[in-house]
Amino acid sequence: MLELLRRNLGVKVVSFLFAILFWLYVLNQGTTDKLIPEQTLTIPLVVSELDQKMVVMTQLPLVRVRLQGINPSANIKDIYAVVDLSSGMPGKSTYGIKVNIPTGTNVVDYQPSTIELTLDTVEEKMVPVQAIVSGSPANDYQVGSLIIKPSAVNVRGPSSKLGTLDKVIVEVSVAGVNETVQVSRPVSFRDKEGKPIFGPDPSVTILSAYPSSVDVIAPIMAKDLASKMVPLKVTSIGIPAAGMELRSLVPSPGSVQVSGTQQALKGFDTLNIGPVDISNLADNKTFQIPIEQVALPQGVSLIGGTTISVTAQIGPGPVQKTIPGVAVQIRNVGKDLEIDQSIAPIDIVIEGLSDNLKNVTADQIQLWVDASGQAVGSYTDVNVFWQLPPGVTIPTTPQVTYSLKAHLEKGAE
């Protein structure tokens, strides 16, 4: 048996070595995203710990890294460079770069190892919406004044970019149309020269708007007609629930566009809406006004797509509160007179909203009577003047009695 093992021993040793080499070769093969013992990679750079109120205004480069080591289970996608911005401040600064690698892999070198970044604060700003109309309507038709809802949007982005933004743009086409166009379009951002606003990476959105799109109504009317904007006036009927009051009636929109002949529009300056019934309302309520119920002068019509609503704002009504012991002064007593009978403190009733009354005290209220031009004598049922905290009134004028006498010189009998 031993003799059998020794037979062709050299060939067997060489074969065994080849088998080991082949196994190592196979071990280091695999999919293209597996690490090999040595290679140079180009990896992405990402940021971490960036304050939500800040943004990076520099385009991040790729990082070249040279690796050594074998980790058959590692994936190239798990290797990336990171810059820690936990201490980042607005402006331009240099920050260190670190490479994230899986266990069993060594970093020999990477470039760059630092990077100069510009950071900016994130702010918000309300800006108006401007519509740009392209094309021309059909023959014998014209475009009236555009209606944009909402007319302004809230834009969020870097302060340096918001500083160049005085409006957002929405585009609408009226090419060849003969009736009112009503569309919803996304807004776009342009600087004061009309150029698009981009961040350091044009593929990444740096400005955002809320809402991100607006509704645009482009009225299309015959060329022999005119149009104008008229404000809405709203009336109501009924009484709110007990203890509540009508604070305001708010139409939306505040004005509407109408069309008609020049003669029909002459003198038509206000459109009356309502009345809306607020009977027994305890909370705010919005009423949708059917367009067919809106009374218009002969020859006048609303632009197509017009919608009207009215919000009745309901709140707690005024309440009353008694303030005891409020002092009453006698002012402007003549130089030859003096007070014979002063005025005792009085209880008064004040009125206002509950929140305005709850902390009112007597020392916050000034009461007085004016004795200008009065002579010696008694005065009854004299009206009191007052000064009160904001939001507070006195529903009934208090009256007081007092008397004046001649001023006696010191030592006189």
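Everything here concerns the structure above.
In short, a report on the structure. (Residues numbered from 1 in each chain as written. Predicted model: local features only at pLDDT ≥ 70, side-chain atom pairs only at ≥ 80, totals over all residues. Heavy atoms only, no water.)

1. Some thoughts on the sheet that holds strand β24 (residues 308-316)
Using the following cut-off: Strands are labelled as partners when DSSP assigns at least two bridges between them. Secondary structure elements follow DSSP: runs of H or I of four or more residues count as helices, runs of E of two or more count as strands, with numbering from the N terminus. Note on geometry: axes are C-alpha line fits, over the in-contact stretch for helices, and angles between N-to-C directions span 0 to 180 degrees.
Spatially, 3 strands are ordered β19-β24-β22 in an open sheet, and the strand pairing comes out antiparallel. The outermost strands of the open sheet, each flanked by one partner alone, are β19 (244-252) and β22 (285-289). Strand-to-strand twist in this sheet, taken as the mean axis angle between neighbours without regard to direction, amounts to 20°. With 5 bridges joining them, β22 and β24 adopt antiparallel strand pairing.

2. Comments concerning the sheet that holds strand β1 (residues 38-43)
The strand order across the open sheet built from 3 strands is β1-β4-β7, with neighbouring strands paired in antiparallel fashion. Edge positions in the sheet fall to β1 and β7 (106-111), since each has one partner strand and no second. Strand after strand, the sheet turns through a mean of 25° between neighbouring axes, direction not considered. The pairing of strand β4 (residues 63-68) with β7 spans 5 bridges and is classified as antiparallel. Residue pairing in the sheet places valine 65 in a bridge with tyrosine 110 of β7.

3. Notes on the side chain of aspartate 191
The condition is simple: Each residue is assigned to one of three classes by its accessible area relative to the maximum for its type, calculated with a 1.4 Å probe on protein chains only: buried under 20%, partly exposed between the two thresholds, exposed over 50%. When charges are tallied, Lys and Arg are placed among the positive residues and Asp and Glu among the negative ones, while His and the ends of the chain are skipped. A carboxyl oxygen of Asp or Glu within 4 Å of a side-chain nitrogen of Lys or Arg is what we treat as a salt bridge. For this analysis, a polar contact is any N or O atom pair within 3.5 Å, provided that within protein one partner can donate a hydrogen and the other can accept it, and provided that sequence-adjacent residues contribute only side-chain to side-chain pairs. In this description, contact between two residues means that some pair of their heavy atoms is separated by no more than 4.5 Å.
Within the secondary structure, aspartate 191 sits in the loop between β14 (188-189) and β15 (208-210). No salt bridge forms around the buried aspartate 191; measuring N to O, its nearest opposite-charge neighbour lysine 195 is 6.0 Å away. Here glutamate 193 takes part through its backbone nitrogen, which lies 2.9 Å from a polar atom of the side chain of aspartate 191. Beyond its immediate sequence surroundings of up to four residues, aspartate 191 is in contact with Thr164 and Ile197.

4. Examining the pattern of salt bridges
A full pass over the atoms with the stated rule returns 7 salt bridges. Residue arginine 156 is joined to glutamate 124 by a salt bridge in which the shortest nitrogen-to-oxygen separation is 3.7 Å. In this pair, arginine 156 sits in strand β11 (residues 152-158) while glutamate 124 sits in strand β8 (residues 114-134), placing the two residues 32 residues apart along the sequence. When the shortest N-O distance is used, the salt bridge between lysine 405 and glutamate 338 registers 3.5 Å.

5. Notes on unusual backbone geometry
A cis geometry characterises the amide bond from lysine 149 onward to proline 150, with omega recorded as -10°. Mapping proline 150 onto the fold places it in the loop between β10 (147-149) and β11. A cis amide bond links serine 252 to the next residue, proline 253, at an omega of 0°. Within the fold, proline 253 resides in the loop between β19 and β20 (255-260). A positive phi angle, close to 60°, is found at glutamate 49, a residue other than glycine. Inspection of the secondary structure assignment puts glutamate 49 in the loop between β2 (45-48) and β3 (54-56). For aspartate 381, which is not glycine, the phi dihedral falls at a positive 50°. Topologically, aspartate 381 is positioned in strand β30 (residues 377-383).

6. Details of the nonpolar core
Counted only if it meets this: Nonpolar core, defined: a set of buried Ala, Val, Leu, Ile, Met, Phe, Trp, Tyr and Cys residues in which side-chain atoms within 4.5 Å join the residues together.
The biggest cluster of nonpolar side chains holds 27 residues, and the ones touching the most others in it are Val153, Val155, Leu165, Val168, Phe189 and Val214. Only β8, β11, β12 (168-173), β13 (181-186) and β16 (213-218) provide two or more residues apiece to this core. Looking at which element gives the most residues to this core, the answer is β8, with 4 residues. Not counting residues within four places of it along the chain, the set of residues in contact with valine 153 comprises Lys125, Met126, Val127, Val129, Val168, Ala209, Tyr210, Pro211 and Val214.

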